[in-house]
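Read off the chains here:
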Amino acid sequence: QGLCVFDYTTQYDAALTYRKAELPFIIRNDPNVMSVARRWEDDTEYLHNALGDERLFRTERSPINEFMWYRLRGKGRPRGYVKPPNDEINMPYGEFLERALSKDAEALQDEELSTKVNALTKRRMQIVTDNKKQDDSLENDDRDQDNTTEEEKAKNWYYFRLTSGLGQSLKDPSPGKFIYDELPFLDPRKKTKSQFYIVDPSQERGINCRFGMRGVIAANHFDMSRNFIMIFGGERRYILGHPNQCKNMALHPVGHPSVRHSKVDWNNPMDWDKNPEFQQALVNEVVLHAGDALYLPTAYFHYIVNLSLNYQCNARSGTTFENARYIRECGFNMG
């Protein structure tokens, strides 16, 4: 694994020592986390029933499997800048599930999964037909939806997002309330259940869920806050780097639309030659399974590969500065 792995039921104190020391680790076998993983992973219809086929969610889309975060502000762009091909659309959860299971079925040559995908497709097309018969006053119109052809959709890659915060409406039957009800150990209002995972409740930033499909990659980057990352179904591969590797990560600088992200295509050795310092970077690798929680301190690098349909949620809670000097040496302001 490349990291210490602790059992929640027998090694809680050891894990707490690591957390207080701001060291990355994995903790598993928390009964509360495991119960969610069993609900979400054992029956794909559990989340499907909760999130539905018609409510729209922000979803990232790309014709290639690597997703690069970017934020375009104003008209200024670095010389020669080319926007990454990924963009954002609105998509119902049911369609995302269909697309993700299709990738799994194709990779595994699984006839049972293919049958399920066909049923989901039939269900979606029936909803589309029914909606066309109604008037234009439907709550969900087609703005920002994926209106490409079915053939193009089959080739695309999708990264589903479900984000909720305490400042948002958490009334029934909202997805936000569903997430907070499902994950009380990430809810700072429930201190006895969340005190291990929400380190600084005053600095919590909501619950952020990213559901991935097989093959989707999130480009290497670091964040300016500590993070607890949990997997409730499927598998994800994380390649991690200490903040002291910042100088070797070939990062986009301050002012770039993809600031804090590596400009190196990790899958292309030819690209490594353009950034020789990257070849000196020291990293380690972990694979997270359903029920695993990864503690990632402030400014640790992470590169993510989705190994199957998976359900990941995380919660951030405050910033620490024990490794700030490494980040500053790379040209980033960190207090």
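Below or above, wherever it landed, is the structure these notes cover. (Residues numbered from 1 in each chain as written. Predicted model: local features only at pLDDT ≥ 70, side-chain atom pairs only at ≥ 80, totals over all residues. Heavy atoms only, no water.)

### Some details on helix H7 (residues 175-182)
Now for step 1: With 6 of its 8 residues buried, H7 lies for the most part within the structure.
Now for step 2: Tucked into the core, H7 has its buried residues touching helix H2 (31-42), helix H3 (44-51), strand E3 (56-62), strand E6 (157-164) and strand E7 (204-212). (Buried < 20%, exposed > 50% of the residue type's maximum accessible area, 1.4 Å probe, protein only. Helix = DSSP H or I, 4+ residues; strand = E, 2+ residues; numbered from the N terminus. Contact = heavy atoms within 4.5 Å.)

### Considerations on the packing of aromatic side chains
Now for step 1: Summed over the entire model, instances satisfying the criterion amount to 32 aromatic pairs.
Now for step 2: Judged by centre distance (5.8 Å) and plane angle (65°), the ring pair of Phe6 and Phe25 falls under edge-to-face. In this pair, Phe6 is assigned in strand E1 (residues 5-7) and Phe25 in strand E2 (residues 25-28), connecting sequence segments 19 residues apart. Neither residue differs from the other here; Phe6 and Phe25 are each classed as buried.
Now for step 3: We note Arg19 situated over the ring of Phe196; from NZ or CZ to the ring centre the distance is 5.7 Å.
Now for step 4: One cation-aromatic arrangement involves Lys103 over Trp157; the distance from NZ or CZ to the ring centre is 3.9 Å. (Phe/Tyr/Trp six-rings, centres within 6.5 Å; stacked < 30°, edge-to-face > 60°. Lys NZ or Arg CZ within 6 Å of the ring centre and 35° of its normal.)

### Here's the deal with the sheet that holds strand E10 (residues 236-241)
Strand-to-strand pairing in sheets goes through backbone hydrogen bonds, with the strands running parallel or antiparallel.
Now for step 1: In spatial order, the strands read E4-E8-E13-E10-E11; together these 5 strands make up an open sheet with mixed pairing. The open sheet has two edge strands with one neighbour each: strand E4 (66-67) and strand E11 (284-288).
Now for step 2: Where E10 and strand E13 (residues 301-306) come together, 6 bridges link them in antiparallel fashion. When the bridges of E13 are listed, Leu240 appears paired with His302. (Pairing = 2+ DSSP bridges.)

### Notes on the sheet that holds E7
Now for step 1: Across the sheet, 9 strands lie side by side as E1-E2-E12-E9-E14-E7-E6-E3-E5; this open sheet has mixed pairing. Each of the sheet's edge strands pairs with one partner strand only, and the pair in question is E1 and strand E5 (87-92). For this sheet the average axis-to-axis angle between neighbouring strands, irrespective of direction, equals 25°.
Now for step 2: As paired elements, strand E9 (residues 227-233) and strand E12 (residues 293-296) share 4 bridges and run antiparallel to each other. Each residue of the ladder has a partner; that of Asn227, found in E12, is Leu296.
Now for step 3: Along the sheet, H2 contacts E7, E9 and strand E14 (310-317); its crossing angle with E9, the most-contacted strand, is approximately 45°.
Now for step 4: Most of the contacts of helix H4 (residues 93-108) go to E5, to which it runs at about 105°, and overall it touches E3, E5, E6, E7 and E14. (Axes fitted to C-alpha atoms, helices over the stretch in contact; angles between N-to-C directions.)

### Quick look at unusual backbone geometry
Now for step 1: Of note, the phi angle at Glu22 is positive, near 55°, even though the residue is not glycine.
Now for step 2: Following the sequence through the fold, Glu22 ends up in the loop between helix H1 (12-20) and E2.
Now for step 3: Classification of Glu22 by relative accessible area gives buried; the value is 9%.
Now for step 4: Positive phi outside glycine occurs at Gln109, with the angle close to 50°.
Now for step 5: Mapped onto the fold, Gln109 is located in the loop between H4 and helix H5 (111-132).

### What to know about the packing of H3 against H5
Helix-helix packing is characterised by the crossing angle of the two axes and by the distance between the axes.
Now for step 1: Running from N to C, H3 and H5 cross one another at 10°; their axes reach a closest spacing of 14 Å. As the angle between them shows, H3 and H5 are arranged roughly parallel. Judged by residue contacts, Thr44, Glu45 and His48 of H3 engage Lys116, Leu120 and Arg123 from H5.
Now for step 2: Residues that form the contact of H3 with H5 fall into these classes: 1 nonpolar, 2 polar and 3 charged. (Parallel < 35°, antiparallel > 145°, perpendicular 65-115°, else oblique. Nonpolar A, V, L, I, M, F, W, Y, C, P; charged D, E, K, R; others polar.)

### Thoughts on the state of the cysteines
Put plainly, a disulfide is one covalent bond tying together the sulfur atoms of two cysteines.
Now for step 1: Taken as a whole and judged by the stated rule, the model has 2 disulfides.
Now for step 2: Each sulfur of the disulfide joining Cys209 and Cys313 lies 2.1 Å from the other. With the S-S dihedral at roughly 100°, the linkage between Cys209 and Cys313 falls on the right-handed side. On the criterion of sequence distance, the pair formed by Cys209 in strand E7 and Cys313 in strand E14 is long-range, its members being 104 residues apart. The pair formed by Cys209 and Cys313 is uniform in burial state, with each residue classed as buried. (Disulfide = S-S within 2.5 Å.)

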